[in-house]
Protein chains: 2
Amino acid sequence: MKKLINQPENVVRESLEGMAAAHPDLIQVRFDPTFVYRTGAPVQGKVALISGGGSGHEPMHAGFVGTGMLDAACPGEVFTSPTPDQILEAARQVNGGAGILNIVKNYSGDVMNFEMAAELAHSEGIRVLNILIDDDAAVKDSLYTQGRRGVGTTVLAEKICGAAAEGGYDLSRLAELCRKVNLNGRSMGVALTSCTVPAKGSPTFNLGEGEMEVGIGIHGEPGCQRVPVKSADEIAEMLAISIIEDSAYTRTLREWDADRGEWAEVELTDPPLSAGDSVLAFVNSLGGTPLSELYIIYRKLAQICENKGIKIARNLIGPYMTSLEMQGCSITLLKLDDEMIKLWDAPVFTPALRWGM
Amino acid sequence: MKKLINQPENVVRESLEGMAAAHPDLIQVRFDPTFVYRTGAPVQGKVALISGGGSGHEPMHAGFVGTGMLDAACPGEVFTSPTPDQILEAARQVNGGAGILNIVKNYSGDVMNFEMAAELAHSEGIRVLNILIDDDAAVKDSLYTQGRRGVGTTVLAEKICGAAAEGGYDLSRLAELCRKVNLNGRSMGVALTSCTVPAKGSPTFNLGEGEMEVGIGIHGEPGCQRVPVKSADEIAEMLAISIIEDSAYTRTLREWDADRGEWAEVELTDPPLSAGDSVLAFVNSLGGTPLSELYIIYRKLAQICENKGIKIARNLIGPYMTSLEMQGCSITLLKLDDEMIKLWDAPVFTPALRWGM
């Protein structure tokens, strides 16, 4: 294992210490329990946005804390869910009296711990709603997950909902928006290499020199097929077509009813993509793949979308939701409406995503 | 070789096509000869900034074309200098009547071809000055280079001089500023793995499982020592101390005298760093190293600077000058003055670096 680290058990803490040293104008870091929050939070009267999950996916989520995006991020150990006390403590720190929206990727540990944290916050009189992101079109159930995994759409939901919170949306309207972003986003990834979790010291999975894993999870969970390595154009086509032709997906998710203080089951259905739609196209590096290759993927993706009558109205290209040093990429297509476009374009100022300010 | 590419010979072209498709508001791409220019260029009355060099270092340079940074970038094939006709054609495209500053990394091929291009532009009545960047404190001469190589300071010079050009500096004043940035910047890198040039298909150099190359060049050129892999703290210290304790460096560089239309030799000396200085600290990924590890390096770098009485007034952390998928990092320290700080903070809007607009 070759990494720029010290002791494997200190990777998360030292990386956060580095972030705190680098960006004091944007973020503050607390330890034990560990969370990152926006400098100056709480913002009175604004709904606070919190997300979190295992570390190893940087810049997600701590890199998205700042003006116009998250109020707090709760990083677990590498590929390990954050604990309820981290999430609760973050909620106490950033609560500005207008409630808290937790954006939760659909992994069993994350879901469970964000649910516990929501109940604890509720018992303290903090109004909290949790919205799940489950956009991975590759597999229905997976290691660590019931139902679809939450992947690339998470980044887009954090940006769009962050702008909405900044713009004065109340908690219910913000939750509705976040649900809409999730339902309109679909993703799929491919890995060319494994990654190595520092504490383990050896690759998470083995992939032959000529193989790639299609539908890879962001923790190296198996995807839908392992096939010989293909060209960039073939890979882009494989991912894009799977996303574009993915049919309507209906699932039942548990959502917290903040008024009743209990969980309710909500049935939700994805609207499929079709000709005439406008999308945000997000081509994401899994960590070890350079930008030049992402643009080669984007080139083909743009051609495919054009052929399908789908207009790419916005795009995002780079390493935003990674799996340590894994080589590979993911594509996310988010069907846009005017509300989402306006919120996407709104100013954002965080360590990893910034424009307009 | 596992890469998200199609035919190796099309890597540069297809990546640029992807960039053109992704950012039409910011950049335009021309082929044969190939260059990238700012949408809307020429800007009448503004000095135009051009840079270029071999591809494989993305986002440098094409990702830095846009408002407040470069007017054009000339990408060669992977790790291969751009040709004079690329540079001349870019100059014709972006010349707004106030002259052109070429920012040239000190590699023999780049220097020669930018010199030829400057002479050709001169013969067409375009006023051009070339300023060399030679900031690599690791080695004095290297494969492909007489004198120090040009590395991380290039990115900072492009940002700072781009803001100055936007703010109305004339060509002479801009060249003076660029020279100052170069003389005040020092860099050093370390590689944990090699990279693989697509056309070659095999690693550029061999590094044992337990080894790292200190002072690595951005094309995989040998550094100053090959040693067992060390901890992040030891690596940060090794690089930072080499930079901070680097003594004054005097060299003779060829600069074009635009008025006389001939080359002149200029003797220049780096002022060394000392306690009380303010710096911009740039921690750069060589491509395959994830952001979390860069922050672990930054954490230690900040401690070292504090102990040495050096104030980090600004920082930049991420993959900005890469070597394909090489794992490793480089550190650049740029001694700042008020002029440079003000220009660093000025708005920039390019595919890879943006704030304030």
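Residues numbered from 1 in each chain as written. Chains lettered and ligands numbered in written order. Predicted model: local features only at pLDDT ≥ 70, side-chain atom pairs only at ≥ 80, totals over all residues. Heavy atoms only, no water.

Asks: When you look at the overall build of chain A in this model, what are you seeing that I'm missing?
Replies: In terms of regular secondary structure, chain A is built from eight helices and 16 strands. The C-alpha atoms of chain A give 19 Å as radius of gyration, which agrees with the globular expectation for 357 residues (21 Å, within 12%). The principal-axis extents of the C-alpha atoms in chain A amount to approximately 55 × 50 × 40 Å. Considering only contacts in chain A between residues 6 or more positions apart, those separated by 24 or more positions represent 72%. A total of about 11,800 Å² of accessible surface is found on chain A, and carbon and sulfur atoms cover 48% of it. Across chain A, the centroid of the 31 positively charged side chains sits 4 Å from that of the 46 negatively charged ones. (Helix = DSSP H or I, 4+ residues; strand = E, 2+ residues; numbered from the N terminus. Rg over C-alpha atoms; globule rule 2.2 N^0.38 Å. Contact = heavy atoms within 4.5 Å. Areas by Shrake-Rupley, 256 points an atom, 1.4 Å probe, with all protein chains shown as cover. Lys, Arg positive; Asp, Glu negative; His and termini not counted. Charge placed at Lys NZ, Arg CZ, Asp CG, Glu CD.)

Asks: Can you help me understand the relation of the copies chain B and chain A in this one?
Replies: Look at the two chain copies: a rotation about an axis and a shift along it is all it takes to match them. Each copy superposes on the other: chain B lies on chain A with an RMSD of 0.0 Å after a rotation of 180 degrees and an axial shift of 0.0 Å. The symmetry that links the two subunits is that of a two-fold axis. Looking at the rotation axis and the C-alpha trace of chain B, the residue lying nearest is B:Gly288, at 2.1 Å. When the interface residues of chain B are mapped onto chain A, 100% of them are again interface residues, pointing to one common binding face. (Least-squares fit on C-alpha atoms with pLDDT ≥ 70 in both.)

Asks: Even after reading the chapter, I still don't get the packing of aromatic side chains, so can you show me in this structure?
Replies: Given two aromatic rings, their pairing is described by the distance between the two centres and the angle made by the two planes. Counted under the stated rule, the structure contains eight aromatic pairs over all chains. Taking 5.8 Å as the distance between ring centres and 35 degrees as the angle between the ring planes, the aromatic pair formed by B:Phe35 and B:Tyr37 counts as tilted. With respect to burial, B:Phe35 and B:Tyr37 carry one shared label: buried. The side chain of A:Arg148 reaches across the aromatic face of A:Tyr249, ending 4.1 Å from its centre. The lysine or arginine in question, A:Arg354, covers the ring of A:Phe349, its NZ or CZ lying 4.6 Å from the ring centre. (Phe/Tyr/Trp six-rings, centres within 6.5 Å; stacked < 30°, edge-to-face > 60°. Buried < 20%, exposed > 50% of the residue type's maximum accessible area, 1.4 Å probe, protein only. Lys NZ or Arg CZ within 6 Å of the ring centre and 35° of its normal.)

Asks: Would you mind going over the sheet that holds strand β12 (residues 278-285) of chain B with me for this structure?
Replies: The strands making up a sheet associate through hydrogen bonds between their backbones, and the pairing can be parallel or antiparallel. Residue and element names in this part refer to chain B. Read from one edge of the open sheet, six strands run β9-β8-β7-β14-β12-β13, paired in mixed fashion. Strands with a single pairing partner mark the edges of an open sheet, and in this sheet they are β9 (225-228) and β13 (311-318). Across the sheet, the axes of successive neighbouring strands diverge by a mean angle of 20 degrees, strand direction being ignored. As paired strands, strand β7 (residues 185-191) and strand β8 (residues 211-214) are joined by two bridges and run antiparallel to one another. Paired with valine 190 across the bridge in β8 is valine 214. Contacts from helix α6 (residues 232-244) reach β7, β8 and β14 (328-335), with the element oriented near 150 degrees to β7. (Pairing = 2+ DSSP bridges. Axes fitted to C-alpha atoms, helices over the stretch in contact; angles between N-to-C directions.)

Asks: What am I meant to see in empty space enclosed by the protein here?
Replies: Empty pockets left among the atoms are what a rolling probe the size of a water molecule brings to light. Using the criterion set out here, one finds ten cavities of 30 Å³ or more in the structure. In this structure, the largest cavity occupies an estimated 210 Å³ of space. Lining the largest cavity are 25 residues; nearest its centre among them are A:Ser15, A:Ser55, A:Gly56, A:Glu58 and B:Ser292. Where the lining of the largest cavity is concerned, the elements lending two or more residues are α1 (11-22), β3 (48-55) and β4 (72-78) of chain A together with α7 (291-307) of chain B. Taken together, the residues that form the lining of the largest cavity break down as 15 nonpolar, seven polar and three charged. Approximately 150 Å³ is the volume found for the second largest cavity. Looking at the lining of the second largest cavity, the elements that each hand over two or more residues are α1 (11-22), β3 (48-55) and β4 (72-78) of chain B. At five residues, the largest contribution of residues to the lining of the second largest cavity is made by α1(B). (1 Å grid on protein atoms, 1.4 Å probe; cavity = no way out; pocket = protein on both sides within 12 Å on 5 of 7 lines; lining within 4 Å. Points joined across faces, edges and corners; volume = space filled by probe spheres on them. Nonpolar A, V, L, I, M, F, W, Y, C, P; charged D, E, K, R; others polar.)

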